[in-house]
Amino acid sequence: MTTIKSKYLGDLRTECIHLQSGNKILTDAPTDNQGKGEAFSPTDLLAASLGSCIMTIMGIVARDNNIDITGTELDITKIMASDPRRVDEVVVEFNFPNKKYTAEEKQIIESVAGTSPVPLSVHSQLTQTIKLNWPK
């Protein structure tokens with residue numbers, strides 16, 4: 001069954017519709033690749049997917065272990081390479097909220113950082129740098 005319906009709108013832009021929810025995402029080519037940069041580029045979505053997927057798995061294990069990570073913020077940096085043009089590295093930096101996490105809780109969350117579907121599905125040449133910043 002189809003998951004996403006996508007349409008080319010012209011001028012290097014697409015519209016993707018998630019069929020189950022009806023939510024839409026526009027993509028636009030980045031300014032360094034002949035686009036306007038007015039929306040996420042496809043490679044931006046790849047980087048966002050990597051971070052969001054890791055966060056989702058952390059959320060599942062946190063919920064299952066009664067650990068509150070609500071409010072965790074991610075800073076995601078996409079680093080491009082050329083020849084061929086591709087995403088070379090994605091840096092995902094997790095900034096956990098100021099809560100009193102135990103060493104055991106931190107270990108539980110950290111243990112799943114690279115085990116979610118997107119990190120396991122992307123090409124092995126893509127460097128995935130994961131940084132976990134816990135409150136002091």
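These numbers come from a predicted model, not from an experiment.

1. Details of the environment of asparagine 65
Point 1. Topologically, asparagine 65 is positioned in the loop between α1 (42-64) and β4 (73-81).
Point 2. Spatially, the C-alpha atom of asparagine 65 lies 9.5 Å from that of isoleucine 109, the residues being 44 residues apart in sequence.

2. Things to note about the environment of methionine 58
Point 1. Its place among the elements puts methionine 58 in helix α1.
Point 2. Relative accessible area serves as the criterion here: at 0%, methionine 58 is assigned to the buried category.
Point 3. A C-alpha to C-alpha distance of 8.7 Å links methionine 58 and isoleucine 108, two positions 50 residues apart in sequence.
Point 4. When neighbours within four sequence positions are excluded, methionine 58 is seen to be in contact with Ile69, Phe94, Phe96, Ile109, Val112, Ala113 and Leu132.

3. Quick notes on the pairing of strand β3 (residues 24-28)
Point 1. Where strand β2 (residues 13-18) meets β3, 5 bridges bridge the pair, whose relative direction is antiparallel. Its bridge partner lying in β3, glutamate 15 is registered against leucine 26.
Point 2. Between β2 and β3, which follow one another and run antiparallel, lie 5 residues, and glycine 22 among them has a positive phi close to 85°.

4. Observations regarding the sheet that holds strand β6 (residues 127-133)
Point 1. Reading across from one edge, β4-β5-β6 is the order of the 3 strands in this open sheet, with mixed pairing throughout. Every other strand in the sheet has two partners, leaving β4 and β6 as the edge strands with one partner each. Pairwise comparison of adjacent strand axes, ignoring direction, gives a mean angle of 15° for this sheet.
Point 2. Pairing between strand β5 (residues 86-95) and β6: 7 bridges, direction parallel. Directly across from valine 91, in β6, lies its bridge partner threonine 129.

5. A short note on the packing of aromatic side chains
Point 1. Tallying each qualifying case throughout the model produces 4 aromatic pairs.
Point 2. Seen in terms of ring centroids, phenylalanine 96 and tyrosine 101 are 6.3 Å apart; in terms of plane orientation they differ by 75°. Their pairing is edge-to-face. The same class applies to phenylalanine 96 and to tyrosine 101, which are both buried.
Point 3. Taken together, the ring pairs connect Phe94, Phe96, Tyr101 and Trp134 into an aromatic cluster.

Conventions adopted
- Residues numbered from 1 in each chain as written.
- Predicted model: local features only at pLDDT ≥ 70, side-chain atom pairs only at ≥ 80, totals over all residues.
- Heavy atoms only, no water.
- Helix = DSSP H or I, 4+ residues; strand = E, 2+ residues; numbered from the N terminus.
- Buried < 20%, exposed > 50% of the residue type's maximum accessible area, 1.4 Å probe, protein only.
- Contact = heavy atoms within 4.5 Å.
- Pairing = 2+ DSSP bridges.
- Axes fitted to C-alpha atoms, helices over the stretch in contact; angles between N-to-C directions.
- Phe/Tyr/Trp six-rings, centres within 6.5 Å; stacked < 30°, edge-to-face > 60°.

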